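# Working through the structure, step by step
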Amino acid sequence: MKSLTNLELLSNIRALAQEERRIGVELLHHIREIDARKLYGEKHSSLHEFLVQELKYSDGAAHRRIQAMRLLRDLPETEAKLSSGEITLSTASQLQNFFRAEKKLGTTYASAAKRELLSKIEGKSTRQTEGLLAAISLQAVPRERERTLNESESSITFVAGSELREKLMRLRGLVAHKNPCPSYAELFEMLADIALQKLDPSKSEPLTAGKQLAQPTEPTLAYAKRAPHLLRAPSPQSTHGTCKFQPIQPSRYIPTALKRLTWSRAQGRCEFLDSNGRRCTSSYALEIDHKIPVGRGGIASEANLQLLCRSHNAHKNLGDYGFVWRRPGDLRVAREGTGKI
Ligand SMILES: [Zn+2]
C-alpha cells in the first residue's frame, strides 16, 4: 500500500468499491435463487438464519440483503441502481420495508408507483430516505427497535398509540394491589405469560387419562414395510383383491388432546433434525406435521406426529410431494424452485 501513489490509491479504491457493488448484486441474485429453491431448509428454519449462521452475516446485514433481494425481485431496475451506487443496500432495504408496512396497513403500491419512489431515493442517505418515506406515511416507517444490551438483556423500544397506553394504564391499576408501580417491562412480562398460557397449545389442559385417540385404520403398502406402526391398520373385513389392506378416505383431523400432547412433548419447539442430527428448536409459526403424510396413509397418532416450524414443514413437503403449499393466495413453489407450476 505504501508504494502506491495518491492517484493510484484513489483509482484502486474506486474500482474496488465498484467491484464490491457488483458482487453485492450477484449475491442478491444467489439469495433470490436459494430462497426460490428453499435450499436453506435442510439445516435452517429461515433464509435469515441461513445468512446469519452459514454465511456469517450479522442480523442487520442479513435483513438488509433479504429486503434488497425482494425489492430487486419486484423491480428489476433496482439492479442497475445498486450496481451504479445510486441506491445502497440499506436504502433499498428501507424502501422494501416501507412497501411491506404499507401493505400491512392496507395500501398496495402499483409497480409504477414503486418505481417512482425508487427513483426518488436515488443518491439519498438512510436518514434522508427515512424522512422522505415518513413524509408519505408516518405509520409505515419503522418505529420499533430491539438492541441487545448484554447476554441476558435487550432494549426494546416502540411507539405506543393512545389506545395501547390507555390499556396499559388500566392494567397497571388492576395489578396495583400486588405491585403499586409496575414497570413497563413487568407489565409486558405479565401480559406475555397470560397470552402464552392462552395461546400455547402445550399449556392448555393436559391429556385426559384414558382418552381415546385416533385408531389406525388404513395403510399404504410402500410405507407399511418401512414403518407399519405409523400407518392405518388393516381392516379385518377387507376384500381389496390380494391386498389385505382396504383403502379408505384419509383424514387430516387431529384430535385436540393429541395436538396438545405433540406440543408439550416437543416443548413448543420445532423437532426437525438436520443430517448431522442437530435439532432446529425454532418456535416460529409451528405446525403439526404427519411424519408419513396423510396422502400416503399416515395417521394421526402420537408416533406419527411431530412439531415443525413453517420453514421445515415446507422443506419436508418438498420431499414428500415435490412442492410446497404456502398460505392461501401464494404461489405453489415447485421442486426446482422456479415458482412455475
Ligand atoms: Zn425448524
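Above this note sits the structure.
Okay, so let's go over this structure. (Residues numbered from 1 in each chain as written. Predicted model: local features only at pLDDT ≥ 70, side-chain atom pairs only at ≥ 80, totals over all residues.)

### Some remarks on the pairing of strand 4 (residues 305-309)
Of all the 5 residues making up strand 4, 5 are buried; the element is thus mostly covered by neighbouring parts of the structure. Of the two faces of strand 4, both are covered, the one formed by L305, L307 and C309 as well as the one formed by Q306 and L308. (Buried ≥ 20, exposed ≤ 12 C-beta atoms within 10 Å, placed from the backbone. Helix = DSSP H or I, 4+ residues; strand = E, 2+ residues; numbered from the N terminus.)

### A few points about the packing of helix 2 (residues 47-54) against helix 3 (residues 59-74)
At their nearest, the axes of helix 2 and helix 3 sit 9 Å apart, and the two run at 135 degrees to each other. The angle between helix 2 and helix 3 falls in the class oblique. Of the two elements, helix 2 crosses helix 3, and the hand of that crossing is right-handed. Every residue of helix 3 that contacts helix 2 at L47, H48, L51 and V52 is listed here: D59, A62, H63, R65 and I66. (Axes fitted to C-alpha atoms, helices over the stretch in contact; angles between N-to-C directions. Parallel < 35°, antiparallel > 145°, perpendicular 65-115°, else oblique. Left-handed = near helix turned anticlockwise from the far one by under 90°. Contact = placed C-beta atoms within 7 Å.)

### Things to note about the nonpolar core
I66, A68, M69, A92 and L95 are the most contacted members of the largest nonpolar core, which totals 22 residues. When residues of this core are assigned to their parent elements, the largest contribution, 6 residues, is made by helix 3. Aside from chain neighbours lying at most four places away, what touches I66 is I31, L47, H48 and L51. Listed in part, the 9 residues of the second largest apolar core include A266, L307, L308 and C309. (Core = buried A, V, L, I, M, F, W, Y, C linked by C-beta atoms within 7 Å.)

### Re the environment of I288
Relative to the helices and strands, I288 is located in strand 3 (residues 286-290). Those residues in contact with I288 that sit more than four places away from it in its chain are I254, K259, T262, L305 and L307.

Coordinates in, geometry out; function isn't part of it.
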